[in-house]
Amino acid sequence: MAGGLAVTDLKRSFGDLRAVDGVDLHVPPGELIGFLGANGAGKTTTMRMILGILQPDTGEITWNGTPVDAEVRNRIGYMPQERGLYARMKVHEQVTYFGRLAGLESAVASERASYWIERLGLEERRDDLVQELSGGNQQRVQLAVSLVHDPELLVLDEPFAGLDPIAADTMREIVRERAADGAGVLLSSHQLNVVEGMCDRVVIVSEGREVAAGRPIDLRAAAPTRRMEVTWSEDVGHWRPIDGTVIEFTGTSAVVELPAQSDMSEQIGHAVAAGEVSMLSVEPPSLADIFADTITSAEVETAEVSE
Amino acid sequence: MIWTIAKREIVTRARTTSFKVLTAILFLGVIAAAVAISTITGGDDEAAEEVTIGLIGEGVEYADAFAVPNEQFDAEIITIDNAQAAFDDGSIDVAFDGSTVIWEGFSWPSLDAYVRTTVTQSEFVERANDQGLAPTDLAELFAPVELEEERLDGSEDEQGVRIAAAMVSTVATLVLLQTWGSFLTMGVVEEKSSRVVEVLLSHIPARSLLTGKILGLGLLALFQMAILVSGVALALLLLQGIEVPDGVWNAVPILLITFVLGFGFYAAIFAAVGSTVSRQEDAQSAQLPVMLPLFVGYGIAIASISNPDSILLRIASFVPFTSPMVLPFRVALADPPLWEIAVALLVLAVSVPLVLRFAGAIYRTSLLKVGTRVPILEAIRSRSDG
C-alpha cells in the first residue's frame, strides 16, 4: 500500500438511504485529488467519515497503511462545506484556538495563526470579531483554520463554493502550494469545470457509488466523442462533416461532435477542403460535458441528506 | 484538550456583560446583606458615646463613680458652678447636683438611666460599707438570677436564621443552575447553528467537547456560588446576639457538594436539549421541560418551610432531579438524620455519570442533524456517532 490516505469500500446508510455505497479513494502525498459529483452524491458523508465525525458502516480508512486515529486526524486540515466559525471570537484568537485543538503548543499555534492571517491578507482584521468580516474574509479565516497546524492532508469540501474570483485564485494558489510541499489534497466539488484543470486525479461519484476515476486527461480521452470547432475566412455554404452531429453551424463556422474512433486527419481534411480555414481545433469533451448526465440526474434528488 | 475547550468557555463567557453584571450583583448584594445584618444586630459593637457630665455642689462627690468606664457612655466629668451657663456655652450634655438630674430641655433617656444607675450603685456601695459588707459580698448580693424562657409556640431565635439560610441555599441553587444551564444550551446551539461544531468534531470527539464545556461553565457557576456562600457566611459571623445553629454551618458543605453534583446532572441535560435544536429561537422552548423539575424542587422546598419533616420534602431530597434544591434546604432548616443525607448524596452522585452517558449520547447523535428539531426519542434510538 502506497503512502497517504486510502479509503477502501466505504459504506454508510442513514435509515433506508445508502448515502455512501462502496467508495474507494487514494490520496498520495503531494497529489491533488478531485472528488466530484452532484449534491447528495455522498461526498460530504465520505469526508465526514474520513474526519471521524461519522462512523462508517463498513470499509477501511487508513493513513500510510494504518487505521486513521485521533492522532492522525490532527494532521488533517478540514474545511467543511457549511463553513463554521465562532461569530463572536476574534480572528487571531480563533485560528489559534483551532491550532490548539489540533494539538499545537500555545506559542506555536499563535505564531502559525499569525503567519496564515498575514498570508491570507487579513493582518488588519486579526483582532476583529469574525462576525464583523465580509463573507469572503470569513472564508479566508476558515481556510486559515484548516491550515494552521500545517496538515499533511487537506480535506476541502466544496472549497470554491461562494468564493469571489480573487479569493478563488488565492485558494487555488495555496492548495497547489501545499500539494507542492508534499501535502495530499482531497477536494470535493459539484462544479466539474471549476476543478478539473487543477486536479492530478479525479473520482466521480453518483448516488454513493463511484462512476469514474482517473487522470482527467485519460477520462476525457476515453470519451466516445470528440469536439471539433472550425472557422473559415469565407462562407462555405452548406458544409457537413463526414459523420457525427452538427451542434452549431453559421456558414463561416461550425461546432461538431465526432465519434472518437473516426479518422481525425480525414475529418480535418474534409473541413479544410471546404474553404480557407482560419481556426480549427479537435478536443475531447470536458469532464463537465462527459458527466453532465450523471451530475444533473442526481441533482434532482436535491440537497444534503439529513446527516 | 478538554482543558483547552474549558478555557475558551471560561474566557468567552467571563468577558460578557451578563456575567460581569451577575457577578457584581451577587458580590454587592452579599456585601450589602452582611453590612445590613451587622448594623441591625450589632448595637453592642458600637463605640461608647462621648458625653460630658457637669457636676455641681454635692454632685461632685460622685466624680469617681462616673469615672468608671462604661460600655455605653464615655463620660467626661467637669465641675461647674452654674448649669444654665454650662448648657448655654454647649460644654455639657447633662448636669447633676447630688439629688437632681438637670437637663436643658427634654431628657436623653439612656443617658438619664446611666446617670441614675451610676449614682444608685455608688450609693449601694456606700450603704453596704456602712453595714459592714465587703464589695465582693455586694456582687454576690446583686448577682442576677438566671431565668428560663419558654415560648409555647415553640419558636426560637435560631429558627429565623435557619429559615433564611435554607431559603438562600435553595434560591441560589435554582437561579445558578437555571442560568448556567441555559448558557450551556445557548453555547451548544451556537456551535450547532454556526456549523463550527463540524470543525470541532474533526479534531476532538463529541465527548471531550461536551466535557470541556460543562467543566468550563461549571467552574464559573461554582465561582459565583462560592462568592455567595462566603458572603452569607461572613454575614452570619457578623450576627450578634443570636447564635448560628450548627445545622446552618453543616448546610454549607452540603450545598457546595449538591451544587457541583447538581450542575453535573443538569448540565448534560441542558447540553443535550441544545443539541436537538438548530436555532437560538427554539432553544428557549426546548429548555422548558428541563427547567420544570428545578422549579418543582424549589416549590416543594418553599412549601415545606414550616413543616421540614414532611414526607414530600423527604422524598424530594432523594430524587436527583430535585435533591440539589431540597437537600441543603433540609440540612439548613432541620437536622435530617445523617443516613438520609448520605443516601441522598449517594443517589445524586451515582445518577450523574448515568445522565452524562445518556445525555451525552443524545448530544452526539443530534449535533450534526440540522433543520427541524430532533425528537428526543429518535435521538435516543438512533446510533451514536463520534
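Computed from a predicted structure; not experimentally measured.

Draft legend 1. Spatial organisation of the interface of chain A and chain B. Across the contact, 23 residues belong to chain A and 19 residues belong to chain B. Take the side of chain A that touches chain B: its biggest share by element is four residues, from helix α3 (residues 91-101) of chain A. For the side of chain A that touches chain B, a count of residues per class yields 14 nonpolar, four polar and five charged.

Draft legend 2. Here's a closer look at the environment of Q159 of chain B. All names here are of chain B. Inspection of the secondary structure assignment puts Q159 in helix α7 (residues 157-193). A count of 15 C-beta atoms within 10 Å places Q159 in the partly exposed class. Distance in space between the C-alpha atoms of Q159 and L294 is 26 Å, their sequence separation being 135 residues.

Draft legend 3. The arrangement of the sheet that holds strand β5 (residues 66-67) of chain A in detail. Residues and elements named next belong to chain A. In space, the four strands of this open sheet follow the order β2-β1-β4-β5, with antiparallel pairing throughout. Two strands close off the open sheet at either side, each with one partner strand: β2 (17-27) and β5. For strand β4 (residues 58-63) and β5, the ladder comprises two bridges, and the chain directions are antiparallel. Looking across to β5, one finds that W63 is bridged to T66. Taken strand by strand, helix α1 (residues 43-50) contacts β1 (5-14), β2 and β4, and its axis lies near 120° from that of β1.

Draft legend 4. Just the confidence of the model for chain B, in detail. Per-residue confidence for chain B gives a mean pLDDT of 85, with 90% of residues at or over 70. In the model output, the complex is listed with pTM 0.74 alongside ipTM 0.81.

Draft legend 5. Representation of the pairing of β1 of chain A in the model. Residues and elements named next belong to chain A. With five bridges joining them, β1 and β4 adopt antiparallel strand pairing. Counted as the bridge partner of T8 is E60 from β4. In this sheet, β2 lies alongside β1 in antiparallel orientation, the contact comprising eight bridges. Across the sheet, residue F14 finds its bridge partner in β2, namely L17. Counted between consecutive antiparallel strands, the loop separating β1 from β2 contains two residues, among which G15 sits at a positive phi close to 60°.

Draft legend 6. Examining the environment of T245 of chain A more closely. All names here are of chain A. Of note, T245 is situated in strand β12 (residues 245-249). Residue classification places T245 among the exposed residues on the basis of 11 C-beta atoms within 10 Å. The spacing of T245 and T225 is 20 residues in sequence and 10.0 Å in space, taken between C-alpha atoms. Look past the residues within four positions of T245 in its chain and what remains in contact with it is V256 and E257.

Draft legend 7. Representation of helix α1 (residues 2-15) of chain B. All names here are of chain B. With 14 residues, α1 should cover 20 Å at 1.5 Å per step; its first-to-last C-alpha distance of 20 Å lies within 8% of that length. Restricting attention to buried positions, one finds in α1 the residues I5, A6, R8 and E9. Along the long axis of α1, the arc covered by the buried residues comes to 160°, so they all point the same way. When the buried face of α1 is taken as reference, the exposed residues oriented beyond 90 degrees from it are W3 and R15.

Draft legend 8. Expanded view of the packing of α1 of chain B against helix α9 (residues 206-238) of chain B. All names here are of chain B. For the pair α1 and α9, the least separation of the axes is 7 Å and the interaxial angle reads 45°. The angle between α1 and α9 places the two elements in the oblique class. Crossing of α1 against α9: the hand is right-handed. In this structure, α1 uses I2, I5, A6, K7, E9, I10, R13 and A14 to contact α9, whose residues at the interface are S208, L209, T211, G212, K213, L215, G216, L217, L219 and L220. When its residues are assigned to classes, the contact of α1 with α9 shows 10 nonpolar, four polar and four charged.

Conventions we followed
- Residues numbered from 1 in each chain as written.
- Chains lettered and ligands numbered in written order.
- Predicted model: local features only at pLDDT ≥ 70, side-chain atom pairs only at ≥ 80, totals over all residues.
- Contact = placed C-beta atoms within 7 Å.
- Helix = DSSP H or I, 4+ residues; strand = E, 2+ residues; numbered from the N terminus.
- Nonpolar A, V, L, I, M, F, W, Y, C, P; charged D, E, K, R; others polar.
- Buried ≥ 20, exposed ≤ 12 C-beta atoms within 10 Å, placed from the backbone.
- Pairing = 2+ DSSP bridges.
- Axes fitted to C-alpha atoms, helices over the stretch in contact; angles between N-to-C directions.
- pLDDT = per-residue confidence, 0-100.
- Expected span 1.5 Å × (residues − 1).
- Arc of directions from axis to C-beta.
- Parallel < 35°, antiparallel > 145°, perpendicular 65-115°, else oblique.
- Left-handed = near helix turned anticlockwise from the far one by under 90°.

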